[in-house]
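Chains, contacts and geometry: an overview
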Amino acid sequence: MSDMTQNRTQNAEGEFEPPVQTRKNIKRGGGDPATRGRTTIADGVVEKIAGMAAREVVGVYAMGSGLSRTFGAVRDRVPGGAKSVTRGVKVEVGEVQTALDLEIVVDYGVAIADVAQAVRENVIAAVERMTALEVVEVNIAVSDVKLPEEADEEPESRLQ
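Residues numbered from 1 in each chain as written. Predicted model: local features only at pLDDT ≥ 70, side-chain atom pairs only at ≥ 80, totals over all residues. Heavy atoms only, no water.

**Examining the overall build of the protein**
- Looking only at helices and strands, the protein features three helices and six strands.
- Along the protein, helices (α) and strands (β) appear in the sequence β-β-α-β-α-β-β-α-β when read from the amino end.
- Counting only carbon and sulfur atoms, one obtains 51% of the accessible surface of the protein, whose full area is about 11400 Å². (Helix = DSSP H or I, 4+ residues; strand = E, 2+ residues; numbered from the N terminus. Areas by Shrake-Rupley, 256 points an atom, 1.4 Å probe, with all protein chains shown as cover.)

**Some words on the environment of alanine 118**
- Locating alanine 118 in the fold gives a position in helix α3 (residues 112-131).
- As a C-alpha pair, alanine 118 and glutamate 56 span 62 residues in sequence and 9.7 Å in three-dimensional space.

**Considering helix α1 (residues 43-55)**
- Helix length check: α1, at 13 residues, gives a terminal C-alpha distance of 18 Å against a target of 18 Å (1.5 Å per residue), a fit within 8%.
- Structurally, α1 contributes buried residues whose contacts are with β3 (60-63), β4 (89-93), β5 (97-107) and α3. (Expected span 1.5 Å × (residues − 1). Contact = heavy atoms within 4.5 Å.)

**A closer look at the pairing of strand β6 (residues 134-146)**
- Examined bridge by bridge, β5 and β6 share 11 bridges and lie parallel to one another. Across the sheet, the residue bridging to threonine 98 is valine 135, located in β6.
- As for the winding sense of the linkage, the β-α-β connection from β5 through α3 to β6 is right-handed. (Pairing = 2+ DSSP bridges. Right-handed = clockwise from strand over helix to strand, strands pointing away.)

**Looking at the pairing of β4**
- Bridge count for β4 against β5 is five bridges, and the pairing is antiparallel. Paired with glutamate 92 across the bridge in β5 is alanine 99.
- From the end of β4 to the start of β5, which pair antiparallel, there are three residues.

Here you go:
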């Protein structure tokens, strides 16, 4: 509903014309649209973002511990199964902040401290850009090193 006022105007002959209805401009809602409601972000969303960002870093071979990677490899081979981007990622999400724990496997020969720093920077940038949450910490545990002579744990499927 809107407020209506009646304006009467007089024409050149001095006669009053029928009333004209006009709308008053009323500001509705009171304030910035960004403050009208609340956005919540599920832990799984932050886990996916962090998992993808960590995997983008050169020197990261895989995510998760040996056991979780083994189960993941089996799960990936099941028809309809999808590769889990959240493997090796744990998060705690609050209203405005988040904290992350990552477990990674690095390639042999890379500087682990440099890889960890690059992972931390990439994860923080991606999570803060996409969610607007403040990342208070990113803890990285290196659980294994992928040696060049080791066979891949997730071989390609024989089916094409």
